[in-house]
Amino acid sequence: MGRKVTLATCSLNQWALDFEGNLTRILKSIEIAKQRGAKYRLGPELEICGYGCADHFYESDTLLHCFQVLKSLMESPLTQDIICDVGMPVMHHNVRYNSFALLNKLRCRYVEEYFLPRMIQDLTGQTTVPFGDGVLSTKDTCLGSEICAELWNPRSPHVDMGLDGIEIFTNSSASYHELRKADHRVNLIKSATTKSGGIYLFANQKGCDGDRLYYDGCAMIAINGDIVARGAQFSLEDVEVVTATLDLEDVRSYRGESIFLTAQEYEHKPYTRIKTDFSLSDCDDRCLPTHQPVEWIFHTPEEEISLGPACWLWDYLRRSGQAGFLLPLSGGVDSSSTACIVYSMCVQICQAVKDGNPQVLEDVQRVVNDSSYRPEDPRELCGHLFTTCYMASENSSEDTRNRAKDLAAQIGSNHLNINIDMAVKGMLGIFSMVTGKWPQFRANGGSARENLALQNVQARIRMILAYLFAQLCLWAQGKPGGLLVLGSANVDESLTGYFTKYDCSSADINPIGGVSKMDLKCFLQYCVKSFQLTALIGSW
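The structure displayed is predicted, hence computed values, not measured ones.

Reading the values: the criteria
Residues numbered from 1 in each chain as written. Predicted model: local features only at pLDDT ≥ 70, side-chain atom pairs only at ≥ 80, totals over all residues. Heavy atoms only, no water. 1 Å grid on protein atoms, 1.4 Å probe; cavity = no way out; pocket = protein on both sides within 12 Å on 5 of 7 lines; lining within 4 Å. Points joined across faces, edges and corners; volume = space filled by probe spheres on them. Helix = DSSP H or I, 4+ residues; strand = E, 2+ residues; numbered from the N terminus. Nonpolar A, V, L, I, M, F, W, Y, C, P; charged D, E, K, R; others polar. Phe/Tyr/Trp six-rings, centres within 6.5 Å; stacked < 30°, edge-to-face > 60°. Lys NZ or Arg CZ within 6 Å of the ring centre and 35° of its normal. Buried < 20%, exposed > 50% of the residue type's maximum accessible area, 1.4 Å probe, protein only. Pairing = 2+ DSSP bridges. Contact = heavy atoms within 4.5 Å. Axes fitted to C-alpha atoms, helices over the stretch in contact; angles between N-to-C directions. Core = buried A, V, L, I, M, F, W, Y, C linked by side-chain atoms within 4.5 Å. Arc of directions from axis to C-beta. Polar contact = N/O pair within 3.5 Å; in protein donor to acceptor, adjacent residues only side chain to side chain. Expected span 1.5 Å × (residues − 1). Bend = angle between axes of the 7 residues up to and from the residue. Parallel < 35°, antiparallel > 145°, perpendicular 65-115°, else oblique. Left-handed = near helix turned anticlockwise from the far one by under 90°.

Caption draft 1: Broad picture of empty space enclosed by the protein. Counting across every chain of the model gives one cavity of 30 Å³ or more. Of the pockets and cavities examined, the largest cavity occupies roughly 100 Å³. Residue lining of the largest cavity: 15 residues in total, with Asn13, Leu236, Asp238, Asp315 and Arg318 positioned closest to the centre. Within the residue set of the lining of the largest cavity, elements represented by two or more residues are helix H7 (301–320) and helix H9 (358–368). The element best represented in the lining of the largest cavity is H7, accounting for four residues. Residues of the lining of the largest cavity, tallied by class, amount to five nonpolar, five polar and five charged.

Caption draft 2: Focus on the packing of aromatic side chains. Within the structure shown, the criterion is met by 11 aromatic pairs. For the pair tryptophan 296 and phenylalanine 298, a centre-to-centre distance of 5.9 Å together with 25° between the ring planes defines the contact as stacked. Ring-pair connections join several aromatic residues into one group, and the members of that group are Phe67, Tyr97, Tyr114 and Phe131. A cation over an aromatic ring shows up here: lysine 181 above the ring of tyrosine 176, its NZ or CZ 4.2 Å from the ring centre.

Caption draft 3: Main features of the pairing of strand E17 (residues 386–392). For E17, the tally of buried residues reaches seven of seven residues, placing the bulk of the element in the interior. In the sheet, strand E16 (residues 325–328) pairs with E17 via four bridges, with the strands oriented parallel. Its bridge partner lying in E17, leucine 326 is registered against threonine 387. Where E17 and strand E18 (residues 414–419) come together, six bridges link them in parallel fashion. The residue bridging tyrosine 390 from the neighbouring strand is asparagine 417, located in E18.

Caption draft 4: Inspection of the sheet that holds E18 at higher detail. Spatially, E18-E17-E16-E19 is the arrangement adopted by the four strands of the open sheet, whose pairing is parallel. Each edge of the open sheet is held by one strand with a lone partner, namely E18 and strand E19 (484–485). Pairing of E16 with E19 involves two bridges; the strand directions are parallel. When the bridges of E19 are listed, leucine 326 appears paired with valine 485. Packed on one face of the sheet, helix H8 (residues 333–354) meets E16 and E17 and runs near 155° to E16.

Caption draft 5: The arrangement of the nonpolar core in detail. Residues Leu313, Phe325, Met345, Ile349, Leu385, Phe386 and Leu533 are the most contacted members of the largest nonpolar core, which totals 57 residues. Mapped onto this core, the elements with two or more residues apiece are H7, E16, H8, H9, helix H10 (378–385), E17, helix H11 (398–411) and helix H15 (517–531). If you tally residues by element for this core, the top one is H8, at 12 residues. With sequence-adjacent residues up to four places away left out, phenylalanine 386 is seen in contact with Phe325, Leu327, Ala339, Val342, Ile411, Ser413, Asn414 and Leu486. Residues Ile30, Val90, Ala101 and Val239 belong to the second largest nonpolar core, which totals 36 residues.

Caption draft 6: Here's a closer look at helix H6 (residues 248–257). Every buried residue of H6 is listed here: Leu248, Val251 and Arg255. The arc enclosing the buried residues of H6, seen along the axis, measures out at 60°, which places them on a common side. Exposed and facing more than 90 degrees away from the buried side of H6 are Gly256 and Glu257. Regarding H6, its N-cap is aspartate 247, as a side-chain oxygen of that residue lies 2.9 Å from the backbone nitrogen of glutamate 249 further along.

Caption draft 7: Helix H13 (residues 448–476), seen in detail. Taking 1.5 Å as the rise per residue, H13 with 29 residues should run 42 Å; its terminal C-alpha atoms sit 40 Å apart, in good agreement. The principal kink in H13, of about 35°, is found at alanine 470. Once H13 finishes, glycine 478 follows within two positions and takes phi at roughly 75°, a positive value.

Caption draft 8: Broad picture of the packing of helix H12 (residues 421–435) against H13. Closest axis-to-axis distance for the H12/H13 pair is 10 Å, and the angle between their directions is 125°. Relative to H13, H12 is oriented oblique. Two packed elements cross with a definite hand, and for H12 against H13 that hand is right-handed. Touching Ala423, Val424, Met427 and Leu428 of H12 are Leu454, Val457, Gln458 and Ile461, all from H13.

In structure tokens:
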């Protein structure tokens, strides 16, 4: 009798409300899973509509389009002979639920009835399907699911499931990236199967879902406390499938050998088992090799800063319809860090193209408006996508000007030197014409109030000029498109309020908004070693 199962989990770059694109990526992941012999495929949380739909979840059209995608999935021949776990929102008894649908072409019993939309009824001949907190019982094992944050809960569902004999746990997640979070996530999954044995599949979103969050993949499969298969944490791939072949007898032996609660000690109400006439294993699987434990090597915080925000920037840029980024580069820690992240983005893009990623190449050609362009050198690509500008005033130092110029030269950005004194004097001239007063800096005998106001005028003029050049500098060169303005305000400044409102930190997006000053200083030292950006030496 068969006992070995091949299971698949995945990380998908699903875009909010991009139903057609999301369907394509889901089908692609199912195709890859089947090619690798998987009989079960797990997808990330709310993968049909995307996680970042925000208030669109309250629109009936969102629910309708989700069922239209579900219908297309069920009609596809790719969903034959495999159980597919697909995340989507569902309204039941006028309440919206974050749910997942288990697709299998066989009828099954159910505990609470959910009446299907007519389009699904016409396709399957079913009027209702099971809805609720049940588990799926196949001919050879039993699967139970928990969603995203339930893994982090002190009373996670997998605890009771394990005690009730469920052997495979699945988690459809949309877990966003934070510095130093990956090891905590991995340890939770390892712990889930260390205590009571079992197989755990974790699927996650990846990429930027059109918001400030970045989802960092890390799809993985664990058994009895060991990780046996894992996906990348940072990647420009839209679809990544992770599979593993595992022996159910390993789970049963582990539970038999460990100190396990007896049925008499177990007081939780048993899960309702929804039976399906389907097997995850085959009868002739004796010679099928099983996956062995792998060592998970975690990125350092400096590597995370280099890779995570860079992937997020690229995902944001390729969807925005813009032609690149503009950054006010002062030569300090914050703006230099942002510039290095853009350069890291260019490094990853060139590597992805070199590795044969057709989607990245297509997106680059569209962004630079050149269908024959093929990026090979990150510095050269940076010249296509990135404009930096040093906005000097009469108070600026030659040291910061040179640091900004040297860094721009090393990363290959288009660098502009802009003097803002004329604009500042124009603003003060208007003030003087109305009040008859001309404020002075403290160094010239002005008061603290005058000094602060003049500093804020300079900072806010930089913001206005940044947006002006972002919108028109490509126009002045006879090129199409505009640029996204990048901000450089670290998380310490946001938490303490140490910044000028509406200064050049006011931007379209801010890739270092969740990173501390101390981490950024360490990141710049990492960039000197990893990217040979010697212009950064001494900037921290």
